[in-house]
Structures are given as structure tokens and as C-alpha cells.
Amino acid sequence: MESRLLKPILAVYVGLFLLFLYGPFIVLGILSFQQGPEGGPQFPIQEWSVFWYKHILGLAPPSRVSPLPIGISLTRSLTLAGMTMVTSTVLGVMAAQAFRRNFKGKSAAFYLIVLGMIVPGVLVGLGSALVATTTGLERHWYSTAFATHVVYTLPFAFLVMLAIFNRFDASVEEAAWSLGVPPATTFRKVTFPLIFPGVLSAMLFAFTLSYDEFSRTLFSSGREQTLPLAIYSTFAVEIHPNVFAFGVLTTLFSFALLTVYAILMTLSVRRAKRVAIQEAV
Amino acid sequence: MRAHVAEGSVLRLEQLTKRFGDRAALDKISFSVNSGEYVSLLGPSGSGKTVLLRAIAGFEAPEEGRVSIVGEDVTRKPPHLRGIGFVFQNFALFPHLSVFDNVAFGLRNGGDKRTESDTRRRTLEMLDLVGLNGLETRGVHQISGGQKQRVALARTLVIKPKLVLLDEPLGALDANLRMRMRVELRRIRERLGIPFLHVTGSESEALAMGDRLIVLDRGAISQFGPPGEVYEHPANPNVAKFLNCYNVFDGSVQGDAFVTNHGPIPLARRVASSTPAYAVRYDRLTTRADAGAGLSAAYIASEYLGSAIMHFFETPDGKVVELEHHLSNGPPDAYEAGRTYRLSWRPEDGIAFV
Ligand SMILES: Nc1ncnc2c1ncn2[C@@H]1O[C@H](COP(=O)(O)OP(=O)(O)OP(=O)(O)O)[C@@H](O)[C@H]1O
Ligand SMILES: [Mg+2]
């Protein structure tokens with residue numbers, strides 16, 4: 001009786017939730033096909049066109065709307081996200097590995113690492129800008145901003161790896177040692193392959209968090225803007241549907257990233273099954 | 001306590017002590033294992049069997065004492081330099097590798113460099129020895145429990161360790177398979193001549209497999225000797241209890257008799273012990289004729305074991321007494337539930353710990 005009433009209510013709730021979640025994106029998606037260059041970022045659609053996509057890629061004829069400054073900032077953002085991803089994941093794996101043992105100051109170290117994702121981004125950004133000014137350090141996306149990105153994403157990578165190691169059965173490592181295999185080789189040949197799915201997740205976290213980081217980067221990156229900053233600065237002038245078209249493209253990029261992640265994940269999880277298929281052939 | 005330290009042994013422990021907090025999980029353990037010897041290690045849950053093996057292998061650092069392998073002190077050496085094989089209860093196979101790669105792992109990644117063709121030859125030989133030919137390319141999730149156990153064994157034996165430690169290696173297998181693996185284990189070991197130290201929770205396994213048997217109790221060695229000796233002459237009441245073939249009664253010595261709640265029992269064999277108790281084997285009891293010593297108890301139930309029948313009786317104060325009847329001695333007697341019988345045995349079959 002109760003569930004017969006509850007189910008439709010929950011269904012409606014979930015429907016509304018999804019609409020709320022994806023509504024903005026759907027609106028953005030539709031508006032990105034607005035006619036250009038006269039069409040504005042509002043309904044109704046005067047005429048369906050891919051003008052703004054061409055505009056982004058520099059294929060549209062010159063018009064009064066200046067092109068988005070994304071080329072260079074996109075490269076910067078991707079490079080920064082890549083650097084952050086590698087650094088945070090390596091550090092996160094190493095830190096989590098260290099946390100498998102007991103040592104003095106373990107809980108203090110834990111809170112110090114996790115602090116990086118708790119402290120408000122604006123404060124971190126401002127703080128690092130102040131430090132840079134007082135020490136005479138020049139601010140760049142690849143130096144000061146990079147440091148703040150690592151401080152921010154490291155806790156995520158660390159916590160993911162901590163959870164992975166928590167479920168990890170250490171006896172396979174002990175088995176390897178007892179076979180005369182040194183600890184470093186054991187890590188490379190046994191531990192790493194087994195925690196690899198977790199490493200992938202940590203990488204995904206670090207990359208995506210760094211890629212669209214705004215508040216920390218705003219103060220710490222200096223003059224050369226990353227992508228989120230570049231887009232925001234165009235908003236400050238005037239909004240054209242080219243920003244929406246760009247939003248659609250970045251979302252597609254994110255989906256591509258997720259797909260790569262899913263494929264790698266499936267491959268690493270299903271390794272044993274692949275061995276079986278080889279045998280059957 | 002006798003010190004079990006001999007010269008020229010493969011493994012020698014001296015006063016090995018391991019504490020967790022202020023509780024000693026291992027308390028001054030000393031014994032040695034000779035080359036080619038099969039030693040079983042028996043003890044109740046929590047007695048420190050696993051901790052002992054882990055300390056020998058180098059996974060746990062002892063607070064005191066020494067571990068020597070073939071005369072060399074390895075107490076401070078990391079596990080991978082000790083040359084000791086370890087077979088885990090949960091097998092601990094490398095889940096991302098095939099059967100072949102699991103077995104070849106130590107040869108490929110260990111200290112000595114060898115050619116891939118040598119590795120292949122030795123791995124295939126070992127797979128053949130443990131009866132796994134044909135399964136080389138399987139993943140370790142696609143083989144049975146018994147086969148996993150063989151992979152774990154082959155992986156350890158292929159690098160020719162100086163000593164193999166086995167922590168309840170048959171514990172995860174069903175009874176039938178356990179029996180078969182017991183025979184296999186002995187056969188394989190005899191072929192290779194590597195000494196084994198085998199932890200088991202099963203007294204029949206310990207008695208059947210070991211050249212010598214260590215009984216561990218609360219982190220200390222209670223008895224160490226050939227299985228027959230331990231079985232016939234348990235050193236103290238606890239050992240008699242772990243062997244799971246003795247009725248053990250509490251009580252005290254008064255004059256010529258051991259007085260229990262169930263009446264006095266005439267004394268014959270005496271063994272010095274810190275706690276007094278009286279023990280008599282299940283299969284020495286009879287209800288047919290009075291053999292000299294005995295007590296009265298009510299029949300409860302029986303359990304068929306194939307080659308024998310266990311009859312359970314209960315004394316008026318609730319102590320369960322077991323009588324084992326071997327079917328080779330003729331058909332079992334029929335008992336009436338609730339009726340009281342006189343259980344008796346020859347006085348010289350009982351052991352009085354005084
Ligand atoms: N890492 C640890 N920290 C604290 N205490 C431990 C640890 N490992 C073992 N112990 C304690 O040491 C004692 C011996 O444990 P051990 O695992 O050796 O028992 P066991 O004889 O192998 O028992 P079982 O037959 O159940 O496997 C137990 O009381 C256990 O609680
Ligand atoms: Mg154990």
C-alpha cells in the first residue's frame with residue numbers, strides 16, 4: 001500500500017532532480033545552435049545553425065564578435081591538469097602507501113594532507129599570491145598555480161588510494177617477498193597492478209578538479225590565464241552563444257575522458273577473463 | 001621445560017619472544033628443525049601459531065631472541081633475503097597472473113638472474129610435480145580450491161627454499177580434498193627433501209603428517225616429540241585436551257587414588273604437571289566388563305565416524321565423557337538413552353597428572 005504511493009512520488013522526485021541537474025546544460029546546448037553572428041544568447045532560436053561552433057574553431061568569417069581566447073588557454077589548462085594529475089597521483093599513492101604502516105605523527109600528517117581540500121579556495125589563492133609577492137616570486141600558471149592545484153587535488157588522490165589500500169590483502173606482497181622478490185620489485189609487479197584501478201580513479205579526480213579549478217587559479221596564476229579564467233573574462237564583457245558552443249565541446253571532451261577511464265578500468269579489471277579467452281582460442 | 005636446540009639444524013629458534021602491547025604472543029620459544037624433517041605445529045586458536053611462522057619468515061619483528069637459518073642469524077634480515085618459503089591459508093595467489101606466471105614469479109623476479117628458457121623448464125617441471133599440467137594459461141580465479149593450493153605450493157617450492165612454512169594450508173579445503181592433499185603434500189616433500197614446518201588446527205593431520213609434533217599453548221611450547229610419543233604420553237592436561245582423543249577429568253590426588261567429582265580412580269601412571277588432572281583415551285573405555293577403574297554416566301547419543309563410533313555419556317554433574325568403539329572390534333553395543341552405565345578402563349591406561 002505504502003510502496004504503491006511512495007514509488008510514483010519518488011519517481012517524480014528523481015525526474016525533477018534530473019531536470020534540475022541537466023536543465024541548464026540542455027538550454028545551453030540548444031542555444032549554442034543559435035544563428036550568428038546577430039543571434040543572442042536567448043530564446044527564441046531565430047534559425048538553427050552551427051555558426052558559433054565555426055566561430056570557435058576560427059572558421060567563421062570575421063565579424064564584430066571577437067573570437068574566444070581559448071586556443072592558448074586551453075593548452076595551458078590541459079598542460080596544468082596533466083602536470084597536476086601526475087604529481088598528485090604519484091604523491092597520493094606514495095602517501096597512502098606510507099599510511100599502511102604506523103608511524104609517529106600519523107594522524108597529524110593525515111589532517112595536514114586533507115586540509116588542502118577543506119580550506120576555502122579563495123583563501124588559498126589569496127594566500128599564495130601574498131606569499132609570492134612578499135618573497136618576490138613571479139606568479140605563473142605552471143609554478144604558483146600548479147602548487148595550489150597539487151595541494152587541492154592531492155587529498156582526493158590520497159583518499160582514493162587510502163580506500164583502495166584499506167581493502168588490499170597484504171598477504172600477496174608477503175608471498176612475493178617470501179619468494180625472494182625485493183620490496184621495490186614487489187611493488188612494481190604485484191602491488192601496482194592490483195591497485196591500478198584506484199590509481200586511474202585518482203588520476204581522473206586530479207585531472208578534472210584541476211582542469212576547471214577557478215578560485216585558487218584566479219589569484220595564483222598571474223597574467224597568463226587558464227581556460228576557466230579566460231571564459232570568465234569574456235563573460236565580463238558580453239555574452240555570445242559561442243560560449244555555449246564551447247561549453248558543449250568541453251562537455252563532450254569530458255565524456256571522452258570518462259570513456260577512456262571506463263575502458264582502461266574494464267581492461268584492468270577483466271584481465272583474468274582475457275587470459276581465459278586466449279586459452280579458449 | 002626441555003630446550004629443543006640441536007646443532008646442524010636448518011632452522012633454529014632461541015628464546016624467541018614477540019609481544020603485542022604487553023601481552024606476549026610468543027614467549028621464549030626455542031626449538032630447531034633438522035634437514036629433511038617434517039614438523040607439524042598444533043595448538044588451539046590464538047596460541048600464536050601464525051605469529052610464530054610470521055616471525056620466522058620475517059613478516060613480524062620479534063622483541064627478543066634469535067632466528068637462525070642453516071647456522072646464519074637472520075633475525076634482522078628482511079623476508080626476501082631469508083630463503084624461507086611461506087604457504088598461506090588463503091593461498092595469496094597473484095590474482096593478475098596466470099597459473100604459469102604465478103609459479104614462475106619467484107624465478108623471474110628473485111635475486112638470481114636466469115634465462116627465460118631455464119625459468120620455463122623449471123616451472124613446467126614443478127607444475128608437473130604438483131599435477132597441474134594443462135592449466136598453465138588459466139587465471140587463478142578459474143581453478144578449484146585444491147588446484148589453487150597446488151599453485152601456492154608449486155610457486156613456493158620452485159625456488160628451492162631452505163625451509164617451507166605452511167599456515168593451515170589445507171584449512172580452506174573440504175574434508176575429502178584435505179585427505180588427498182595430505183598424501184600429495186607428503187609425496188611432494190619426500191621428492192624434494194625440503195624441511196616443512198606445518199601449522200594445523202587438526203590433531204589428526206598433525207599426527208598423520210609430522211615426523212615430529214610441536215604443541216603450542218598460549219605462546220609457549222608444551223611438548224615437542226614424535227607424534228606417537230605425544231599421543232601416548234601427553235606432557236600435561238592441556239596437551240591431552242588438544243589431541244582431542246582424551247577424556248580429561250579435574251580433581252586431586254588423595255593417597256592411592258585420583259579423586260574426581262565422579263568418584264575416586266585408582267592411580268597407575270603418574271606424570272608431573274603444574275595442574276592436577278586425570279586423562280584417559282576415548283578408545284580405552286568400555287561398558288562390557290569392569291576393568292578396574294571407572295565411573296558412572298548416562299548415555300546421551302552416538303556419532304558414526306565410518307571406522308568407529310563415538311558414544312557420548314554424561315556424568316550427573318554434567319561432564320561429557322566420550323567412548324570410541326572401533327568397528328574392527330565387532331558391532332557396537334546398543335545403549336538406551338538416559339540410562340546410566342558403568343564406563344571402565346584398565347588403571348594403567350589412565351594418566352594422572354599430579
Ligand atoms: N597484529 C596483531 N596485533 C595484536 N595482537 C595480535 C596480532 N596478531 C596476532 N595477535 C594476537 O596474538 C595471539 C596469537 O595469534 P595467532 O594469529 O598466532 O593465533 P593462531 O594460533 O594462529 O590462531 P588460529 O588457529 O585461530 O589461526 C592472539 O591472541 C592474537 O590476538
Ligand atoms: Mg593462525
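Model, not experiment: these values are computed from the prediction.

Chemist: How do you make sense of helix H3 (residues 116-129) of chain B when you look at a structure like this?
Modeler: For the α-helix, the turn length of 3.6 residues means that residues three or four positions removed from each other point alike. Residue and element names in this part refer to chain B. Here H3 contains 14 residues, and its C-alpha end-to-end distance of 20 Å stays within 8% of the 20 Å for a straight helix at 1.5 Å per residue. Listed in full, the buried residues belonging to H3 are Asp118, Thr119, Arg122, Thr123, Met126, Leu127 and Leu129. For H3, the arc enclosing every buried residue in end-on projection is 160°, short of the 170-degree limit, so these residues lie on one face. The elements touched by buried residues of H3 are helix H2 (99-109), helix H4 (145-157) and helix H5 (175-192).

Chemist: I keep staring at the domain arrangement of chain B and nothing clicks. Help me out?
Modeler: A common measure of how large an interface is: the accessible area buried when the components associate. As far as domains go, chain B holds domain 1 (11-232) and domain 2 (245-353). Taking only C-alpha atoms, the centre of domain 1 of chain B and the centre of domain 2 of chain B are 38 Å apart.

Chemist: Explain the domain arrangement of chain A to me, please; I cannot follow it from the model alone.
Modeler: When its domains are assigned, chain A resolves into domain 1 (2-57) and domain 2 (72-234). Of note, the centres of domain 1 of chain A and domain 2 of chain A, computed from C-alpha atoms alone, are 34 Å apart.

Chemist: Would you explain the interface of chain B and chain A in this entry?
Modeler: Listed per partner, the contact involves 29 residues of chain B and 23 residues of chain A. For the pair chain B and chain A, the summed buried area comes to about 2200 Å², and 64% of that belongs to carbon and sulfur atoms. Broken down residue by residue, the surface that chain B buries against chain A is led by His80(B), His96(B) and Asn109(B), which jointly contribute 29%. Taken together, chain B and chain A are joined by one salt bridge. In this structure, Glu174(A) and Arg54(B) form a salt bridge, with 2.8 Å as the shortest nitrogen-oxygen distance.

Chemist: What is the right way to read H2(B) from this model?
Modeler: With nine of 11 residues buried, H2(B) lies mostly within the body of the structure. Buried residues of H2(B): Val99(B), Phe100(B), Asn102(B), Val103(B), Ala104(B), Phe105(B), Gly106(B), Leu107(B) and Asn109(B), and no others.

Chemist: Hey, could you run me through the sheet that holds strand E12 (residues 252-254) of chain B in this one?
Modeler: All names here are of chain B. With antiparallel pairing, the three strands of this open sheet are ordered in space as E12-E13-E14. Strands at the two margins of the open sheet, each flanked by one partner only, are E12 and strand E14 (263-266). For this sheet the average axis-to-axis angle between neighbouring strands, irrespective of direction, equals 40°. When strand E13 (residues 257-260) meets E14, the two strands line up antiparallel, connected through four bridges. In the sheet register, Phe258 faces E14, and the bridge partner there is Ile265.

Chemist: What exactly am I supposed to notice about a nonpolar patch on the surface here?
Modeler: There is a patch of nonpolar side chains on the surface, built from Tyr13(A), Val14(A), Phe17(A), Leu18(A), Leu21(A), Tyr22(A), Phe25(A) and Ile26(A) and spanning about 790 Å² of accessible area. Within the element layout of this structure, Tyr13(A) appears in helix H1 (residues 2-31).

Chemist: Whenever I open this one, the site of ligand 1 confuses me. Can you help?
Modeler: Residue and element names in this part refer to chain B. Around ligand 1, the neighbouring residues are Phe20, Arg23, Ala25, Pro44, Ser45, Gly46, Ser47, Gly48, Lys49, Thr50, Val51 and Glu168. Between Gly48 and ligand 1, the recorded distance is 3.0 Å, taken from a backbone N or O atom to an oxygen atom. For ligand 1, the accessible surface in isolation is 640 Å², of which the surrounding protein chains cover 60%. When residues in the shell around ligand 1 are grouped by element, the largest group, three residues, is from helix H1 (residues 49-57).

So, how was this worked out
Residues numbered from 1 in each chain as written. Chains lettered and ligands numbered in written order. Predicted model: local features only at pLDDT ≥ 70, side-chain atom pairs only at ≥ 80, totals over all residues. Heavy atoms only, no water. Helix = DSSP H or I, 4+ residues; strand = E, 2+ residues; numbered from the N terminus. Expected span 1.5 Å × (residues − 1). Buried < 20%, exposed > 50% of the residue type's maximum accessible area, 1.4 Å probe, protein only. Arc of directions from axis to C-beta. Contact = heavy atoms within 4.5 Å. Domains from an automatic or database assignment. Buried area = accessible area lost by both parts, 1.4 Å probe. Salt bridge = Lys/Arg side-chain N within 4 Å of Asp/Glu carboxyl O. Pairing = 2+ DSSP bridges. Axes fitted to C-alpha atoms, helices over the stretch in contact; angles between N-to-C directions. Patch = residues over 30% accessible without salt bridge, like charges linked within 9 Å, V, L, I, M, F, W, Y side chains within 5 Å. Areas by Shrake-Rupley, 256 points an atom, 1.4 Å probe, with all protein chains shown as cover. Near = heavy atom within 4 Å. Polar contact = N/O pair within 3.5 Å; in protein donor to acceptor, adjacent residues only side chain to side chain.

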